[in-house]
Amino acid sequence: MDKIKIYFITCFLVFFFTKNAISKNSYFAEGEKLFNQKKYSKSKFKFEKDIVFNPKNEKSYLYLAKIFQLEENDEFEEKNLNTVILLNPKNEEAVYFLALLKIKKSDYEKSKELIDRFKKVCKTFCEKEKELKTKLESLQPK
């Protein structure tokens, strides 16, 4: 009888944790799908839910930053971009977007620093460096 109880308890635990793990992974996928469908508020909720279960998922923070960028909420965009960079200092997309945000805020020194950092980490966004430099030049003190 004890073996049967142990078997059922083991089966229950395996089922519970497997189901939980699958649901954790699906929040990001659902959020990405909704984001691509331009359903930003629904996707924001999914990314936030993913972060609850997976606080080190830099991709969820990056998508949240993109949503806040669309909403023109600079404060939350910057917080999420900084989190992405904290989790992965070589995330070129986050460095790029943060540089754009700092240029928008007319922060010349931080923008210059981020553009230099971007040069070091870029792999697929390298063509964006020229755009950043051009925008930075418009901030340059005369």
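Novice: Please clarify how the overall build of the chain should be interpreted in this entry.
Specialist: Within the chain one finds seven helices and zero strands. When the helices and strands of the chain are listed from N to C terminus, the series reads α-α-α-α-α-α-α. Residue burial in the chain is summarised as follows: out of 142 residues, 37% are buried. Considering only intrachain contacts with a sequence separation of at least 6, the fraction spanning at least 24 residues in the chain is 47%.

Novice: Would you explain the packing of aromatic side chains in this entry?
Specialist: Aromatic ring pairs: the centre-centre distance and the angle between the two ring planes describe each pair. Scanning the model with the defined rule gives nine aromatic pairs in all. Between Phe35 and Tyr40, the aromatic rings sit 5.2 Å apart at their centres with planes inclined by 65°, giving edge-to-face as the arrangement. Accessibility expressed as a relative area gives 14% for Phe35, which makes it buried. Accessibility expressed as a relative area gives 25% for Tyr40, which makes it partly exposed. Members of the aromatic cluster, connected to one another through ring pairs, are Phe28, Phe35, Tyr40, Phe47 and Tyr63. Above the ring of Tyr63, the side-chain terminus of Lys66 is found at 5.0 Å from the ring centroid.

Novice: Sorry, what's going on with helix H6 (residues 108-121) here?
Specialist: Helical periodicity: at 3.6 residues per turn, an α-helix aligns residues three or four positions apart in one direction. When the terminal C-alpha atoms of H6 are compared, their 20 Å separation across 14 residues agrees well with the 20 Å that a helix rising 1.5 Å per residue should span. All buried positions along H6 are accounted for by Tyr108, Ser111, Leu114, Ile115, Phe118 and Val121. An end-on view of H6 places all buried positions within 150° of arc, on one side of the element. Opposite the buried face of H6, at more than 90 degrees from it, the exposed residues are Glu109 and Lys120. Contacts made by the buried residues of H6 are with helix H5 (92-104) and helix H7 (128-137).

Novice: Looking at this structure, how should I read the packing of helix H4 (residues 74-87) against H5?
Specialist: Relative placement of two packed helices is described by the angle separating their axes and the distance separating the axes. Where H4 meets H5, the closest approach of the two axes is 9 Å, and the angle between their N-to-C directions is 145°. The crossing of H4 and H5 is left-handed. Here H4 contributes Asp74, Glu77, Glu78, Leu81, Asn82, Val84 and Ile85 to the contact with H5, which in turn contributes Ala94, Val95, Phe97, Leu98, Leu101, Lys102 and Lys104.

Conventions we followed
- Counting of residues starts from 1 at the beginning of each chain's written sequence and follows it residue by residue.
- This being a predicted model, a pLDDT of at least 70 is required before a residue's local features are given, and a value of 80 or more before pairs of side-chain atoms are given or counted; all residues contribute to the totals for chains, interfaces and linings.
- The basis for every side-chain value is the complete set of non-hydrogen atoms in the structure, without hydrogens or water.
- In DSSP terms, a helix is any run of H or I states spanning at least four residues, a strand is any run of E spanning at least two, and both are numbered starting from the N terminus.
- Only protein chains enter the accessibility calculation, which uses a 1.4 Å probe; a residue whose area is less than 20% of its type maximum is buried, one above 50% is exposed, and one in between is partly exposed.
- Between two residues, a contact is recorded if the distance between any of their heavy atoms is within 4.5 Å.
- Pairing of aromatic rings covers Phe, Tyr and Trp, the last counted by its six-membered ring, and requires centre-to-centre distances within 6.5 Å; plane angles under 30 degrees mean stacked, over 60 mean edge-to-face, and any other angle means tilted.
- In this scheme, Lys NZ or Arg CZ marks a charge over a ring once it lies within 6 Å of the ring centre and within 35 degrees of the ring normal.
- Working rule for helices: expected span equals 1.5 Å times residues minus one.
- To be clear, the arc concerns the directions from the helix axis to the C-beta atoms.
- Here an axis means a line fitted to C-alpha atoms, over the contact stretch when the element is a helix, while the angle between two N-to-C directions is reported on a 0 to 180 degree scale.
- For any pair of crossing helices, the crossing counts as left-handed if the nearer helix is rotated counterclockwise from the farther one by less than a right angle, and right-handed if it is rotated clockwise.

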